[in-house]
Amino acid sequence: MELNQLTAHELLVRLKSGSVASEAVQEALYARIEKVDSKINAYVRRADFRKNDAVNKKQGLLFSLPVTVKDNICTEGLNTECCSKILAGFCPPYEATVISKLKKAGAEIFPLKANMDEFAFGSSTENSCFGPTHNPWNLGCVPGGSSGGSAAAVAADEAIWALGSDTGGSIRQPASFCGVVGLKPTYGRVSRFGLIAFASSLDQIGPITKDVEDAAILTQAISGYDPNDSTSVDQDVPDYLKSLTKDIKGLRVGIPKEYFVEGMDSEVKSVIEQAVNKLKTLGASVKEVSLPHTEYAVPVYYIIATAEASSNLARFDGVQYGYRAKSDNLIEMYKRTRAEGFGDEAKRRIILGTFALSHGYYDAYYLRALKVRTLIKQDFDRVFAEFDCIAAPTSPTPAFKLGERASEPLKMYLSDIYTISVNLAGIPAISIPCGFTKDKLPVGLQIMAGSFNEEMLFRVAHTFEQNTEWHKIKSSL
Ligand code: GLN
């Protein structure tokens, strides 16, 4: 195997023993990118790109291992544009807390950023001003989104591991479409400082990796309280590697009946059923549960997320950041900057969100959505009072064709049905590879647990993974 094909934990063993040099890992990644990225477009290639020749000889826990970072996480001295024209040329004067933490742990920040849907709006990475990312398993299909660049890079061995962000599924759904592992931590577990905000009450940064052990290592490195993010929680970070016990005997796993309804692809259904049976044979006790407010998750999410997005995006007016349209008149300059700088989906969301927050409609839409959000959270509380975790599909379908849903926003929104409740409830969830369709497209199994119980996710996901081979299968690219 080439170095770029190994997992982070496999590389760490070699780096520590000195049998592999960190420069060699970077070289292997560059060679792979050179070979396949013109087909995949997982990385945003900007004119200012400088190869990171002088890899710092850092020791630390992570021995200069390069981490690929989504384009909405601020990296000092490296452009961070959210794949939007409106942030063209924006180079942050500071870095996100997750980046400082990774550097402190000894990691190297890979100098190319990962492609994404503009401002993380989307489920397919087609809404990027740098063009869409292609799925390494089938170049005619989307990689999922919005962290599609991060997931495709990991799946195609163009990255060892990566950071994504998840507001309504943007880590888990692309992980599922690309056959890799993706985890959304509990809201408050990981600092959002330096993550360019989409919907502040839902956003979390998390890992996209080749296996569960890597997800545990990367989550460990980025978790913890941060005085710069008032929503980060001051609670000890457990040693996640201790959760990899390979044992789930006696665990109570709930299967939400509302997730197995019409509209679900029949092949995905049968792959998930087999995965659930596997959990049973590994000793878990599996029972059907109910999350009765699931049907409201999509409308509630698309009110709250767009409302918060419209407010967060108000700052992009051509004055402080990125792109500025030419005009002698200030108001005209604002208008033209926003008209020319934002893509269609960003505009759609700004308009929807502004409407939902406007006088006379606030109570009917935003406030009501917040109330239903509480009911969705209570559904989970009730289940977790009796169950250790919930297992479900990550997405109702495998990766769909490029262009298939791009002109039908509603169809695109509905594809988020299984991931967004988790963000609304603030709980953690992981997606792991659990099989393939006949066309060789990966399917992801989603595991959810109660707040701050990432340990349960690692335990169940690792046990499943170590007793199956799905995570070892690579695309033929
Ligand atoms: N697909 C969802 C959306 O379009 C989620 C995106 C995300 O998690 N950033 O909003």
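Each chain has its residues counted from 1, following the order in which its sequence is written. Only residues with pLDDT of 70 or above have their local features reported here, since the model is predicted, and side-chain atom pairs are shown and tallied only from 80 upward, although totals for entire chains, interfaces and linings are computed over all residues. To get the side-chain values, take all heavy atoms of the structure and skip hydrogens and water.

## Structural notes on the packing of helix 1 (residues 8–17) against helix 6 (residues 212–222)
Point 1. In this description, a line fitted to the C-alpha atoms serves as the axis of each element, helices being fitted only across the stretch in contact, and the angle between N-to-C directions of two axes falls anywhere from 0 to 180 degrees. Comment: elements are numbered from the N terminus, with helices defined as DSSP H or I runs of at least four residues and strands as E runs of at least two. Remark: helix 1 packs on helix 6, axes separated minimally by 8 Å, with the N-to-C direction vectors making an angle of 75°. Judged by the angle between their axes, helix 1 and helix 6 are roughly perpendicular. Contacts between helix 1 and helix 6 involve A8, H9 and L12 from the former and E213, D214 and I217 from the latter.
Point 2. Asp, Glu, Lys and Arg are counted as charged, while Ala, Val, Leu, Ile, Met, Phe, Trp, Tyr, Cys and Pro are counted as nonpolar; the rest, among them Gly, fall into the polar class. Looking at the contact of helix 1 with helix 6 residue by residue, the class counts come to three nonpolar, one polar and two charged. Reported orientations rely on four angle classes, namely roughly parallel under 35 degrees, roughly antiparallel over 145, roughly perpendicular from 65 to 115, and oblique for the rest. Throughout, a residue-residue contact means that at least one pair of heavy atoms, one from each residue, lies within 4.5 Å.

## Overview of the state of the cysteines
Point 1. When two cysteine sulfur atoms lie within 2.5 Å, the pair is treated as a disulfide. If you walk through the whole model with that rule in mind, you get zero disulfides.
Point 2. C129 takes part in no disulfide bond, and the closest cysteine sulfur to it belongs to C83, at a distance of 5.9 Å.

## Quick look at the sheet that holds strand 6 (residues 204–209)
Point 1. By definition, two strands form a pair when at least two bridges between them are found by DSSP. The strand order 1-3-2-4-6-5-10-11-9-7-8 describes an open sheet built from 11 strands, whose pairing is mixed. The sheet terminates laterally at strand 1 (43–44) and strand 8 (285–289), the two strands that pair on one side only.
Point 2. Summarising the sheet, strand 5 (residues 181–184) and strand 10 (residues 429–436) pair through three bridges and their orientation is antiparallel. In the sheet register, G182 faces strand 10, and the bridge partner there is S431.
Point 3. Against the sheet, helix 2 (residues 22–40) touches strand 1, strand 2 (66–70) and strand 3 (108–114), its axis set at about 10° to strand 3.

## So, the environment of E81
Point 1. Summarising the element assignment, E81 is placed in the loop between strand 2 and helix 3 (97–104).
Point 2. Separated by 11 residues in the primary sequence, E81 and P92 have C-alpha atoms spaced 9.3 Å apart.
Point 3. Those residues in contact with E81 that sit more than four places away from it in its chain are R46, D71, L87, A88, G89, F90 and F130.
Point 4. A polar contact of 2.9 Å, which involves the side chain of E81, links it to the side chain of N79. Whenever a nitrogen or oxygen atom comes within 3.5 Å of another N or O atom, the pair is scored as a polar contact, on the condition that within protein one atom can donate a hydrogen and the other can accept it, and that pairs from neighbouring residues in sequence are kept only if both atoms are in side chains.

## Some words on unusual backbone geometry
Point 1. In this model, G145 is joined to S146 through a cis peptide bond whose omega is 10°.
Point 2. The residue C82 is not glycine, and still its phi comes out positive at about 50°.
Point 3. You can see C82 is positioned in the loop between strand 2 and helix 3.
Point 4. Classification of C82 by relative accessible area gives buried; the value is 0%.
Point 5. Of note, F119 is a non-glycine position whose phi angle comes to about 55°, a positive value.
Point 6. One can find F119 in the loop between strand 3 and helix 4 (148–155). Only protein chains enter the accessibility calculation, which uses a 1.4 Å probe; a residue is then buried when its area is under 20% of its type maximum, exposed when over 50%, and partly exposed in between.

## Quick notes on the site of the ligand
Point 1. The environment of the ligand is formed by 15 residues, the closest being T167, G168, S170, Y301 and R349.
Point 2. With respect to the ligand, the side chain of S123 contributes an N or O atom lying 2.8 Å from a nitrogen atom.
Point 3. Taking D416, its side chain carries an N or O atom lying 2.9 Å from a nitrogen atom of the ligand.
Point 4. When the ligand is considered free in solution it has 290 Å² of accessible area, and contact with the protein chains removes 99% of it.
Point 5. Here the shell around the ligand is built from residues that sort into five nonpolar, seven polar and three charged. The rule for a residue being near a molecule or strand is that one of its heavy atoms must lie within 4 Å of it. Here the Shrake-Rupley method, with its probe set to 1.4 Å, supplies the accessible areas, and only the displayed protein chains count as covering residues.

## Section: the pattern of salt bridges
Once their charged atoms are close, side chains differing in charge can pair, the charge on each being opposite to the other.
Point 1. Within this document, salt bridges are pairs made up of a side-chain nitrogen of Lys or Arg and a carboxyl oxygen of Asp or Glu, the two lying within 4 Å of each other. Within the structure shown, the criterion is met by 16 salt bridges.
Point 2. Between R382 and D379 there is a salt bridge; the shortest N-O distance is 3.0 Å. Placement of both R382 and D379 in helix 11 (residues 363–384) is noted, with a separation of three residues, approximately one turn of the helix.
Point 3. In this structure, the salt-bridge partner of K411 is E408, at a minimum N-O distance of 4.0 Å.
Point 4. A single network of salt bridges, built from pairs that share partners, joins D157, K210 and K474.

## What to know about helix 14 (residues 454–466)
Point 1. To estimate how far a helix should extend, the number of its residues minus one is multiplied by 1.5 Å. With 13 residues, helix 14 extends 18 Å from end C-alpha to end C-alpha; this agrees with the ideal 18 Å at 1.5 Å per step.
Point 2. Across the 13 residues of helix 14, 10 count as buried, placing the element largely inside the fold.
Point 3. Along helix 14, the residues classified as buried are E454, M456, L457, F458, V460, A461, H462, T463, F464 and E465.
Point 4. On its buried face, helix 14 sits against strand 5, helix 6, helix 7 (266–281), strand 9 (389–393), strand 10 and strand 11 (442–448).

## Here we look at a nonpolar patch on the surface
Point 1. Together, F355, Y361 and Y365 make up an exposed nonpolar region whose accessible area comes to about 280 Å².
Point 2. Its place among the elements puts Y365 in helix 11. Put simply, a patch holds well-exposed residues, over 30% relative accessible area, that have no salt bridge, with like charges counted together within 9 Å and Val, Leu, Ile, Met, Phe, Trp or Tyr side chains within 5 Å.

## Some words on the side chain of S431
Point 1. Within the fold, S431 resides in strand 10.
Point 2. Under the relative-accessibility criterion, S431 is labelled buried at 0%.
Point 3. A distance of 2.9 Å separates polar atoms of two side chains, one belonging to S431 and the other to T394.
Point 4. Excluding its chain neighbours within four sequence positions, the residues that come into contact with S431 are R172, S176, V180, V181, G182, T394, G444, L445 and Q446.

## Re the side chain of D37
Point 1. Note on placement: D37 falls in helix 2.
Point 2. Assessed through its relative accessible area of 0%, D37 is described here as buried.

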